[in-house]
Number of protein chains: 2
Amino acid sequence: MSTTGVTAPEGFVAAAARAGIKPSGNPDLAVVVNEGPDFTAAGVFTRNKVCAAPVKVSRETVAGGQLQAVVLNSGNANACTGQQGLDDARTMQRLTANGVGTEPSRVAVCSTGIIGDVLPMDKVESGIAAVVKQLGDNGGDAATAIMTTDTVAKEVVVKGDGWTLGGMGKGAGMMAPSLATMLVCLTTDAKVTPDALQAALERGCAATFDTLDIDGSTSTNDTVIAMASGASGVTPTQQELDAAVLEACAQLAAKMQSDAEGVTKRVTITVTGAADDAQALHAARTIGRDNLVKTAMFGSDPNWGRVLAAVGMAEAEMDAEHISVTFNGQTVCEHSTGAPGAREVDLSGADIAVVVDLGTGGEGRATVRTTDLSHAYVEINSAYTS
Amino acid sequence: MSTTGVTAPEGFVAAAARAGIKPSGNPDLAVVVNEGPDFTAAGVFTRNKVCAAPVKVSRETVAGGQLQAVVLNSGNANACTGQQGLDDARTMQRLTANGVGTEPSRVAVCSTGIIGDVLPMDKVESGIAAVVKQLGDNGGDAATAIMTTDTVAKEVVVKGDGWTLGGMGKGAGMMAPSLATMLVCLTTDAKVTPDALQAALERGCAATFDTLDIDGSTSTNDTVIAMASGASGVTPTQQELDAAVLEACAQLAAKMQSDAEGVTKRVTITVTGAADDAQALHAARTIGRDNLVKTAMFGSDPNWGRVLAAVGMAEAEMDAEHISVTFNGQTVCEHSTGAPGAREVDLSGADIAVVVDLGTGGEGRATVRTTDLSHAYVEINSAYTS
């Protein structure tokens, strides 16, 4: 019995293959199959208006609340590929459905890789034919097959009371080099309704992936799919389900943050004292996306002035004369002016916590996770061969 | 008779000094004086909610429509300096007024440099005392004294029919490393009303500095001041005034773009086919700020997929299936899919023009100028000593 990733819960099998989509020859195709008895499904998709063919197909498929399988490929995002791309995504759906013995309308499709190239469908077809013959407790193989610039496979298992939630993910936030970035597949043997699963997934994503903001870029392919087999026979409360999904998403998001391209610092930006949570989130994002803040973090420079200049751009209510900032718990700015010793705070470690209070006296609060902006980021993203 | 920068028009004198605010000992203080007969003034200021003391003081001062002098310092932004900063800006105003023989309410103050440090007022006071004794045709010296990370002084002269417009500026868009960034001072001997000058300035800035977007950061100190002496006796039409101010702003903005920190490419992003100009501008900014697009430009990589992924994030109406993109006039994407030869377009030159049509059939159109994101940008902004 497998205990890793998507095949940890009962009722799920998976397999991966080297289909040859990636020039490197690394594994690049995976299928995750729900063997039931339930085929409950939920999904969350990119909000980018330019979305990839597999997103269009899977959004429609998941809307029915039932899925029996997900087919995923890396090395090619099948994005900006027009009608051919849509046809190809539907072919992937059909081939997988035939292979695992279900209807195409019960198969979701996820792709990740370069934007703008048409899929090599001969390779994809052979790959699917091969992979459906190897289905088993191979969650780890599936997690490896969806990697692009990821340096490590990303899996998670959360144990409930008599039920289990597993998952795999790929991506470095929205940061991969023009690649279709974040893909996540969660599986559980809990016995839950599509609505319950969808609600848990939306809440979990909002608090985790949605606040992991590496460079402000939203990909064309971001997809989070959840499937529930009901094989444990246990129905958790909504609260228990929410908690497990949140925990799984949080662990996968943390792995993505640590593996973000070029990262030398993990930066957590918390905004407090905002009029409401939405304004706090907007302010935290504005700081977390500011290149001047991000390069200062790379330089271990306690440059609180850049944080103030960044937050001042946010469309959030603030008392511009009474903003305060701490770096790793040390006060560096009070009443919007420098605190004693602010320039000497040590930020040489890998983790930097920035807390900014907007001074409105409100209860609004939010946290965003990001990274520094390093030479390696520029190198990876400029040297990447289109 | 001077022919450069702010002292090119009749009725203006200027001077600069090494006050010792900059550790380097380079010139860091300048005064520009309007000798009349008119003392018409206009100003445009940063929209950052966290704005520096000199911005607060000058905004109030310029609101009266009359200015006799501007005092400018580099090396210290006097931003995030609380009540002390406000007191210091008012002291600069008063010292300059005394030195040139006017009221403090007729002197604007501009500061640029590091955020969060209190001004060394003893040095500022000696500097102002020295500089007001050297007033003359020294536009070039003044332009040099306001430089921070600028590598060249930035001046402009535009000739009208019997009147002249001069100007100086500093800054690399919103890009300087946590520095108070863009300062511009325009002078003219045209005989115009404050309202006419303010209207021309707002129109000129909107089309130039407001669309120069190096890294999306808006500084705490951005200030554009215009003064008119009326010494030519000529009153241009509003259209003539608008055209001259626009030309001066455009030339200074182009100099800033070319001198932006770490720049290896000058990138112009034009969006067409939008529902209206405002949506086109928002879409162009979204593309111009995207780090994945900017690193691709640094790598001379014709990665149109990143442009599509970026524009898809914009809050602008678009036909996501019918977006087209050209790089330097060559079509790389049509109907949101790749055009033949798209990956072979040569972007090795220093100038890259990106045109994106949103496919709505609308007339909306806007252009934003930006730069690439290079190793040097990261180096300058991470190594900068706070």
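Computed from a predicted structure; not experimentally measured.

**Details of the overall build of chain A**
Then, in step 1: When helices and strands are tallied, chain A shows ten helices and 15 strands.
Then, in step 2: Compactness check: chain A gives a C-alpha radius of gyration of 22 Å against a globular reference of 21 Å for 386 residues, within 12% of the reference.
Then, in step 3: Projected onto its principal axes, the C-alpha positions of chain A cover 70 × 50 × 35 Å.
Then, in step 4: Across the 386 residues that make up chain A, the buried fraction comes to 62%.
Then, in step 5: Across chain A, contacts joining residues at least 24 apart in sequence account for 80% of those joining residues at least 6 apart.
Then, in step 6: Summed over all atoms, the accessible surface of chain A reaches about 12700 Å², with 49% contributed by carbon and sulfur.

**What to know about the sheet that holds strand β9 (residues 223-228) of chain A**
Two strands in a sheet stick together by hydrogen bonds in their backbones, pointing the same way (parallel) or opposite ways (antiparallel).
All names here are of chain A.
Then, in step 1: As summarised here, the arrangement of the five strands in space is β3-β9-β8-β7-β6, forming an open sheet in which the pairing is mixed. Pairing within the sheet leaves two strands with one partner each, and these edge strands are β3 (40-45) and β6 (154-159). Strand-to-strand twist in this sheet, taken as the mean axis angle between neighbours without regard to direction, amounts to 10°.
Then, in step 2: In terms of strand pairing, β3 meets β9 through six bridges, oriented antiparallel.

**Considering unusual backbone geometry**
Then, in step 1: Residue P37 of chain A is bonded to the preceding G36 of chain A through a cis peptide linkage, with omega at 15°.
Then, in step 2: Positive phi, close to 60°, is recorded for C80 of chain B, a residue that is not glycine.
Then, in step 3: For C80 of chain B, the location among the structural elements is in the loop between β4 (69-76) and α2 (82-100).
Then, in step 4: On the basis of relative accessibility, which here comes to 8%, the residue C80 of chain B falls in the buried class.

**Some words on the pairing of strand β10 (residues 266-274) of chain B**
Residue and element names in this part refer to chain B.
Then, in step 1: Most of β10 is tucked away, with seven of its nine residues classed as buried.
Then, in step 2: With seven bridges connecting them, β10 and strand β14 (residues 351-357) associate as parallel partners. Bridge assignment links R266 to a residue of β14, and that residue is D351.
Then, in step 3: Note: β10 against strand β15 (residues 364-371), seven bridges, orientation antiparallel. By the bridge assignment for β15, T268 is matched with R369.

**Looking at the side chain of S336 of chain B**
Then, in step 1: Relative to the elements of secondary structure, S336 of chain B occurs in the loop between β12 (330-334) and β13 (337-338).
Then, in step 2: Owing to a relative accessible area of 5%, S336 of chain B belongs among the buried residues under this scheme.
Then, in step 3: Every residue in contact with S336 of chain B, bar those within four places of it in the chain, is listed here: C80 and T81 of chain A together with W304, L308, D319, A320, E321, H322 and I323 of chain B.

**Things to note about the packing of helix α5 (residues 194-207) of chain A against helix α6 (residues 238-258) of chain A**
Residues and elements named next belong to chain A.
Then, in step 1: Relative to each other, α5 and α6 sit at 40°, their axes nearing to 8 Å. Compared by their axis directions, α5 and α6 come out oblique. Considering the relative orientation of α5 and α6, their crossing is right-handed. Judged by residue contacts, A196, L197, A199, A200, L201, R203, G204, C205 and A207 of α5 engage Q238, L241, D242, V245, L246 and C249 from α6.
Then, in step 2: In terms of residue class, the contact of α5 with α6 is made up of eleven nonpolar, two polar and two charged.

**Some remarks on the interface of chain A and chain B**
Then, in step 1: On the chain B side, the residues contacting the 59 residues of chain A number 59 residues.
Then, in step 2: Between chain A and chain B, roughly 4400 Å² of surface is buried when both sides are summed, and carbon and sulfur atoms account for 54% of that area.
Then, in step 3: Remark: the boundary between chain A and chain B carries four salt bridges.
Then, in step 4: Residues R343 of chain A and D117 of chain B are paired through a salt bridge, measuring 3.2 Å at the closest nitrogen-oxygen approach.
Then, in step 5: Linking chain A with chain B are 14 residue pairs in polar contact (both at pLDDT 80 or more).
Then, in step 6: Within the residue set of the side of chain A that touches chain B, elements represented by two or more residues are α8 (291-298), α9 (304-311), β13 (337-338) and α10 (375-383) of chain A.
Then, in step 7: Among the elements that make up the side of chain A that touches chain B, the one with the highest residue count is α10 of chain A (six residues).

**Thoughts on the relation of the copies chain A and chain B**
Then, in step 1: Taken as rigid bodies, chain A and chain B are interconverted by a rotation of 180° and an axial shift of 0.0 Å, the fit giving an RMSD of 0.1 Å. Such a turn and shift between the copies fits a two-fold axis. Closest to the rotation axis within chain A is the C-alpha of H375 of chain A, separated from it by 2.9 Å.
Then, in step 2: Looking at chain A, 100% of its interface residues are interface residues in chain B too, so the copies touch through the same face.

**Describing helix α6 (residues 238-258) of chain B**
Then, in step 1: Compared with an ideal rise of 1.5 Å per residue, which puts 21 residues at 30 Å, α6 of chain B spans 30 Å between its outermost C-alpha atoms and is within 8% of the ideal.
Then, in step 2: For α6 of chain B, every residue scored as buried is listed here: L241, D242, A244, V245, A248, C249, L252, A253, M256 and Q257 of chain B.

**Overview of the UniProt feature "binding site: substrate" (unreviewed entry) in chain A**
Then, in step 1: Per the UniProt entry, the sites bearing "binding site: substrate" (unreviewed entry) are T148, K170, T181, E261, N381 and S386 of chain A in this numbering.
Then, in step 2: For T181 of chain A, the position within the fold is in the loop between β7 (164-170) and β8 (183-188).

**Considering the domain arrangement of chain A**
Then, in step 1: Each assigned domain of chain A is listed here: domain 1 (12-258) and domain 2 (266-381).
Then, in step 2: Each of domain 1 of chain A and domain 2 of chain A was reduced to a C-alpha centroid, and the two centroids are 33 Å apart.

**A short note on the packing of helix α8 (residues 291-298) of chain B against helix α9 (residues 304-311) of chain B**
Residue and element names in this part refer to chain B.
Then, in step 1: For the pair α8 and α9, interaxial distance at closest approach is 9 Å and the crossing angle is 160°. By the angle between their directions, the pair α8 and α9 is classed as roughly antiparallel. Seen from above, α8 lies across α9 with left-handed handedness. Of α9, the residues touching α8 (which contributes L292, V293, T295 and A296) are R306, V307 and A310.
Then, in step 2: A class-by-class count of the residues in the contact of α8 with α9 yields five nonpolar, one polar and one charged.

**Details of the environment of D346 of chain B**
Residue and element names in this part refer to chain B.
Then, in step 1: On the secondary structure map, D346 appears in the loop between β13 and β14.
Then, in step 2: With 155 residues separating them along the chain, D346 and K191 place their C-alpha atoms 49 Å apart.
Then, in step 3: Within polar-contact distance, the side chain of D346 engages the side chain of S348 at 2.7 Å.

**Details of the pattern of salt bridges**
Then, in step 1: Inspection of the entire model under this criterion finds 16 salt bridges over all chains.
Then, in step 2: Salt-bridge contacts for K154 of chain B lead to D150 of chain B; the nearest nitrogen and oxygen are separated by 2.6 Å. Like K154 of chain B, the residue D150 of chain B is buried in the burial classification.
Then, in step 3: Via salt bridges that share partners, D150, K154 and D259 of chain A belong to a single interconnected network.

Rules behind the numbers
Residues numbered from 1 in each chain as written. Chains lettered and ligands numbered in written order. Predicted model: local features only at pLDDT ≥ 70, side-chain atom pairs only at ≥ 80, totals over all residues. Heavy atoms only, no water. Helix = DSSP H or I, 4+ residues; strand = E, 2+ residues; numbered from the N terminus. Rg over C-alpha atoms; globule rule 2.2 N^0.38 Å. Buried < 20%, exposed > 50% of the residue type's maximum accessible area, 1.4 Å probe, protein only. Contact = heavy atoms within 4.5 Å. Areas by Shrake-Rupley, 256 points an atom, 1.4 Å probe, with all protein chains shown as cover. Pairing = 2+ DSSP bridges. Axes fitted to C-alpha atoms, helices over the stretch in contact; angles between N-to-C directions. Parallel < 35°, antiparallel > 145°, perpendicular 65-115°, else oblique. Left-handed = near helix turned anticlockwise from the far one by under 90°. Nonpolar A, V, L, I, M, F, W, Y, C, P; charged D, E, K, R; others polar. Buried area = accessible area lost by both parts, 1.4 Å probe. Salt bridge = Lys/Arg side-chain N within 4 Å of Asp/Glu carboxyl O. Polar contact = N/O pair within 3.5 Å; in protein donor to acceptor, adjacent residues only side chain to side chain. Least-squares fit on C-alpha atoms with pLDDT ≥ 70 in both. Expected span 1.5 Å × (residues − 1). UniProt positions renumbered as here; feature names shortened; annotations may be inferred. Domains from an automatic or database assignment.

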